[in-house]
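Examining the three-dimensional arrangement
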Amino acid sequence: IRNYKEAVKMADRMMEIRPDLRSYSRASYLREIYGDNEGAKKAMIDAVKTGDPISEYTCWGLKTLGEIYESEGELDSAAICYEITLERRPNYPFGIAGLASVSAKKGNTKKALELYAEALDILPEIGFNIDVANLKMEEGSLENETATVNEIEEMFKEDIESGHNMNLEYANFLYSFKNDYKSALELVLKESELRPNNIDVNKSLAFIYYGLKENENAMKYLSIAMATNKQDADLYCLEGLIKNNSGIIEKSMEINPYQNHKFIAEAKR
């Protein structure tokens, strides 16, 4: 999204014309952006209710609802959403990966890796590979697995060569796994020219500049990312780090105690 206010107007218009899966899901997304997680969950539940129970679009809505619960640390509720997707569409890879994410957050690494492997057998999704690498990095087993990192990088290059815009995703990979902040910054600044007010773009810029120890620039882009009051624990956590304020970091942990980003270990210390 480039213009959130305009998106809200269009979503409201969609709801007036046809309150269905598409309009409710867009309303949910925008409510989450503006910090109304309860409203976001309600709209996504309505979206799921109006969709064909076994359609992939409805299961995507359930998967997204699960992710909202996960972002709040409500792991059991998230797991229920993912399990329902699998009842409706057996072997749905995003449902399996969702359960893997929940298992990882609950500390069951072995189960999580098994589920990710199952999801990857069905769909070689780059996001699943990144989740696996993140999990291995957390447990300290990724240190010597350069092959895993190189394999993910090759997947990104193939997607980019195919014409997909992967600037943001590739940049996040580069600084998270290769500590290549310079290349990551070039990619996200390029994306910022297209979407200057986008939350995810500015969030990435804030994290990159913090990694470069340029706190003034980090705060500049963090302020843009937080302008809509989205209850993103990562954003509050980074704000606490920049301001050296443990109270703000504690607030981020209250929003989501299961954060997983480049500087979470530093924040916990």
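Everything in this summary refers to the structure shown in the same document. (Residues numbered from 1 in each chain as written. Predicted model: local features only at pLDDT ≥ 70, side-chain atom pairs only at ≥ 80, totals over all residues. Heavy atoms only, no water.)

The next subject is the nonpolar core. Core analysis: the biggest nonpolar cluster contains 52 residues, and Phe156, Phe173 and Leu222 have the highest contact counts within it. Beyond its immediate chain neighbours, meaning those up to four positions away, Phe173 contacts Val149, Ile152, Glu153, Phe156 and Lys178. Ala79, Ala119, Val132 and Leu135 belong to the second-largest nonpolar core, a separate cluster that totals 27 residues. (Core = buried A, V, L, I, M, F, W, Y, C linked by side-chain atoms within 4.5 Å. Buried < 20%, exposed > 50% of the residue type's maximum accessible area, 1.4 Å probe, protein only. Contact = heavy atoms within 4.5 Å.)

The subject of this paragraph is the state of the cysteines. Going through the model one piece at a time under the given rule, you end up with zero disulfides. The thiol of Cys59 is not disulfide-bonded; the next cysteine sulfur, from Cys81, is found 11 Å away. (Disulfide = S-S within 2.5 Å.)

In this section: the packing of aromatic side chains. Evaluated as defined, the whole model comprises 11 aromatic pairs. Considering the side-chain rings of Tyr170 and Phe173, the 6.3 Å spacing of their centres and the 15 degrees angle between planes classify their relative orientation as stacked. Placement of the pair is Tyr170 and Phe173 together in helix H10 (residues 167-177), with a separation of three residues, close to one helical turn. Judged on exposure class, the residue Tyr170 and its partner Phe173 are both buried. Ring-pair connections join several aromatic residues into one group, and the members of that group are Trp60, Tyr92, Phe94 and Phe128. (Phe/Tyr/Trp six-rings, centres within 6.5 Å; stacked < 30°, edge-to-face > 60°. Helix = DSSP H or I, 4+ residues; strand = E, 2+ residues; numbered from the N terminus.)

Moving on, we come to the environment of Phe156. Tracing the chain through its elements places Phe156 in helix H9 (residues 146-161). Given a relative accessible area of 0%, Phe156 falls into the buried group. The spacing of Phe156 and Ile126 is 30 residues in sequence and 7.8 Å in space, taken between C-alpha atoms. In this structure Phe156 touches Ile126, Ile130, Met166, Glu169, Tyr170 and Phe173, once residues within four positions along its chain are discounted.

The next subject is unusual backbone geometry. Its identity is not glycine, yet Asn179 carries a phi of approximately 55 degrees, on the positive side. Its location among the elements puts Asn179 in the loop between H10 and helix H11 (181-194). On the basis of relative accessibility, which here comes to 48%, the residue Asn179 falls in the partly exposed class.

The next subject is the side chain of Asn129. Here Asn129 lies in helix H8 (residues 126-138). Note on Asn129: relative accessible area 14%, which makes it buried. Apart from residues lying up to four places away in sequence, Asn129 is in contact with Leu120, Glu151, Ile152 and Met155.

So, about helix H1 (residues 4-17). End to end, H1 covers 20 Å across 14 residues, agreeing with the expected 20 Å (1.5 Å per residue, within 8%). Regarding H1, the residues found buried are Tyr4, Ala7 and Ala11. The buried residues of H1 occupy one face: seen down the axis, they fall within an arc of 50 degrees. Facing away from the buried side of H1, by more than 90 degrees, are the exposed residues Lys5, Lys9, Glu16 and Ile17. Close packing links the buried residues of H1 with helix H2 (21-33) and helix H12 (199-211). The N-capping residue of H1, defined by a side-chain oxygen 3.3 Å from the backbone nitrogen of Lys5, is Asn3. (Expected span 1.5 Å × (residues − 1). Arc of directions from axis to C-beta. Polar contact = N/O pair within 3.5 Å; in protein donor to acceptor, adjacent residues only side chain to side chain.)

Counted at 1.5 Å a residue, the expected span for H2 with its 13 residues is 18 Å, and the 18 Å between its end C-alpha atoms agrees. Of the residues making up H2, those classed as buried are Leu21, Ser23, Tyr24, Ala27, Ser28, Leu30, Glu32 and Ile33. Of the surrounding elements, those touching the buried residues of H2 are H1, helix H3 (37-50), helix H4 (56-71) and H12. Phi for Gly35, located one or two positions after H2, is positive at around 85 degrees.

Time to look at the pattern of salt bridges. Opposite charge on two side chains permits pairing when their charged atoms draw close. Applying the stated rule across the entire model yields 13 salt bridges. Glu38 serves as the salt-bridge partner of Lys41, at 3.0 Å between the closest nitrogen and oxygen. Of the two residues, Lys41 and Glu38 both sit in helix H3, three residues apart, roughly one turn of that helix. Note on Glu38: relative accessible area 54%, which makes it exposed. In this structure, the salt-bridge partner of Lys42 is Asp46, at a minimum N-O distance of 3.3 Å. Of this pair, Lys42 and Asp46 both sit in helix H3, four residues apart, which is roughly one turn of the helix. Within the structure, one salt-bridge network assembled from shared partners comprises Glu38, Lys41 and Glu72. (Salt bridge = Lys/Arg side-chain N within 4 Å of Asp/Glu carboxyl O.)

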